[in-house]
Amino acid sequence: MSPVQIIDGSDLNGISGQDVVVVGAGPAGLMLAANLVRFGIKTTILDDRADKTSTGRADGLQPKSIETLKQMRLADPLLQRGVRIHDICFWSSSKEKPLKRTERAEHFPALVDLLDPYILLVHQGMVEDIFLQDLQARGVEVTRSSPFVKYRDHGSVVPLDVYSRSITTEKERLWQTRYLVGCDGAHSKVRKAIPEIEAQGSSSEAIWGVLDGVIDTDFPDLWSKVVVYSEEAGNVLCIPRERNMTRLYIELRPESDEPMDKVKATQEFVMERARQIMAPYKLSWESVEWFGIYQIGQRVASRFTDNSGRVFIAGDASHTHSPKAAQGMNTSIHDSLNLAWKLNLAVRGLAKQSLLETYEHERRKIAQDLINFDYEHSNAFHDGDAKALARNFLTNVRFISGVGVEYGSNLLNWTSETTGGAKPGCLLPPARLTRYIDANPVDAQLDIPMLGQFRTYFVCKDIQASKNFMDSVCARILCSDSVCGRATVELEVSYKDQGAAITEADAFVQPHRYVAASRLSTFCVITSSPKEDFEIADLPPVLQASKWTVYLDNVPSQDTRGQHCIDKWIGTLEHDQVALLIVRPDGYVGAAKSWSYGTEGTAQASVWFNEYFSGFLAC
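Residues numbered from 1 in each chain as written. Predicted model: local features only at pLDDT ≥ 70, side-chain atom pairs only at ≥ 80, totals over all residues. Heavy atoms only, no water.

Enquirer: Got a sec to walk through the domain arrangement of the protein chain? Specific residues and values, please.
Expert: Its domain assignment divides the protein chain into domain 1 (15-83 + 119-199 + 297-401), domain 2 (202-296) and domain 3 (426-615). Computed over C-alpha atoms, the centres of domain 2 and domain 3 are 50 Å apart. (Domains from an automatic or database assignment.)

Take a look at the structure:
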């Protein structure tokens with residue numbers, strides 16, 4: 001049975017009981033819905049548009065977003081069709097000096113540890129398509145031509161009433177839902193419907209034109225990302241695109257002290273301004289797929305949720321900024337990823353309200369970090385200061401890539417007690433391991449698919465010496481007296497009652513391999529021991545059931561830094577120690593600590609593990 005009822009938007013007066021109503025079928029809304037549906041959550045997606053995005057809008061996926069889509073097993077179509085940008089060039093001209101290249105640099109220098117050190121250029125509609133196809137395979141369609149109108153909250157024990165209006169019939173429909181999420185853009189109607197929330201910030205007077213098309217030019221760096229500054233005419237940002245296209249962002253600098261009149265900014269006017277900035281190189285268009293005008297606004301919503309904790313906003317509904325750093329779509333889909341797994345636990349009755357509160361705590365900080373970066377980046381861009389722009393980019397390159405997007409300490413992110421790169425509130429660095437069961441070398445951070453579950457790693461140098469420790473800890477953390485044990489039982493019942501629809505793709509992913517011991521967490525082993533030193537049957541039952549996630553740390557030559565995974569993630573680990581590493585469902589490290597093998601260490605590790613999950617689980 002499909003986890004979502006397919007509902008014709010022309011159905012006028014029906015009442016539909018849902019777990020979550022998502023308003024907006026852009027990247028943020030579809031990312032949220034795709035995850036919720038995969039988790040088995042009954043979800044309705046409302047959108048005011050009659051059809052999906054076909055051209056234009058957002059255009060770039062940063063390395064972390066590529067990694068996330070790989071974990072969802074959705075990246076391949078985009079990797080096959082997109083354009084990969086590895087370098088960035090800076091050009092400038094003045095009254096005295098003709099246009100010339102002033103600098104060429106790696107887009108993501110080696111100081112950032114990345115598995116995919118490039119931007120993947122694909123238009124927004126292509127990203128939406130991979131989510132739409134995944135949803136359709138699970139029996140889900142977007143309810144289109146159905147804009148959100150309003151919602152009513154009757155109290156925490158009563159479903160929310162959400163109203164949409166059919167554009168074709170102009171009649172309203174009522175949806176009853178436990179949670180409502182507005183992913184409906186910068187002018188979000190959901191945000192405006194939430195009392196005491198406002199978008200805080202300002203708009204620049206700067207007007208920009210944007211053109212997607214096939215260009216005929218003798219400019220030599222067309223297939224690099226390029227910043228072109230003309231002291232007299234303004235700026236152009238040049239970005240290669242799929243299907244032999246190029247996107248140009250063109251600054252429409254006013255010719256007087258008066259602000260630029262948007263009415264004058266026709267397509268031909270914008271093209272002519274681009275020619276002036278790019279002179280003496282020729283510039284013409286064989287075809288234009290998309291043209292738009294925009295004004296930079298940098299705003300963050302004062303809150304990301306209402307007082308009840310049941311209505312949320314994500315993506316452009318909660319933050320807006322300039323498009324020139326390719327952050328909007330990336331930040332938006334990670335808003336949704338952060339919220340999706342928390343809603344899954346909440347819908348299933350396992351989450352304390354404090355878990356949902358971490359969404360605003362974590363993502364509003366990131367939105368503010370983005371606005372601060374974007375303000376400096378846009379100013380340097382506007383001023384044509386290539387050195388300041390390059391400096392600002394280099395300073396913020398980890399954040400830009402996505403791997404430097406970090407959360408502060410809270411009930412999910414404990415203070416680090418290891419010396420490696422697996423730090424709470426941060427993403428796992430890329431690392432290579434050999435999967436024990438089939439001897440395949442794998443990317444450690446990507447091998448386990450996202451199924452809404454945590455990951456718990458037992459990390460040790462000597463598997464035989466640590467066996468008693470792992471036997472004891474595994475028995476204690478899944479016993480009926482532990483939070484994890486009780487949550488495992490409750491989730492098993494919940495997923496039998498309300499599970500995800502099975503698709504053809506699942507036959508290749510084999511999701512049961514990763515939740516064999518518990519729906520709450522995938523349990524894993526990383527060891528330096530050679531394969532011939534132990535059998536799967538030597539491990540405790542929990543880890544025997546998790547045989548697909550037993551790994552050998554023996555391929556440092558394949559690592560991005562030439563390091564062993566244990567050294568990279570944990571740091572110093574003695575031969576008589578075992579480390580426990582808890583990774584959240586969205587890929588962020590939650591907690592990490594190591595203990596000696598003795599009885600005292602075993603007891604402490606079990607208590608530590610139980611206390612982590614008891615902080616946000618209600619069971």
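Enquirer: Just give me the short version of the nonpolar core, but keep the residues and values in it.
Expert: One broad trend across soluble globular proteins is that nonpolar side chains are buried collectively. Ranked by internal contacts, the top residues of the largest apolar core, which has 83 residues, are Val20, Leu180, Leu343, Phe454, Phe458, Phe613 and Leu617. Among the elements that line this core, the one with the most residues is helix α7 (residues 328-347), at seven residues. Residues from two domains meet in this core; each of domain 1 (15-83 + 119-199 + 297-401) and domain 3 (426-615) gives at least three. Those residues in contact with Phe613 that lie beyond four places of it in its chain are Phe454, Val483, Leu520 and Ile582. The next biggest cluster of nonpolar side chains, apart from the first, holds 35 residues, and it includes Val210, Leu237, Tyr249 and Tyr294. (Core = buried A, V, L, I, M, F, W, Y, C linked by side-chain atoms within 4.5 Å. Buried < 20%, exposed > 50% of the residue type's maximum accessible area, 1.4 Å probe, protein only. Helix = DSSP H or I, 4+ residues; strand = E, 2+ residues; numbered from the N terminus. Contact = heavy atoms within 4.5 Å.)

Enquirer: Describe the state of the cysteines, and please don't skip the residues or the numbers.
Expert: Within this structure, the stated rule accounts for zero disulfides. With no disulfide of its own, Cys474 has Cys484 as its nearest cysteine by sulfur position, at a separation of 9.9 Å. Owing to a relative accessible area of 2%, Cys474 belongs among the buried residues under this scheme. (Disulfide = S-S within 2.5 Å.)

Enquirer: Mind laying out unusual backbone geometry, listing which residues take part and the relevant values?
Expert: Residue Pro280 follows Ala279 across a cis peptide bond; omega there is 15°. As for its placement among the helices and strands, Pro280 is situated in the loop between α6 (267-278) and β15 (283-301). With phi around 65°, Glu196 is a residue other than glycine that occupies positive phi space. Mapped onto the elements of the fold, Glu196 is located in the loop between α5 (189-193) and β11 (199-217). The class of Glu196 is exposed, set by a relative accessible area of 69%. Its identity is not glycine, yet Ala439 carries a phi of approximately 65°, on the positive side. Relative to the helices and strands, Ala439 resides in the loop between β18 (432-435) and β19 (441-443). Residue classification places Ala439 among the partly exposed residues on the basis of a relative accessible area of 46%.

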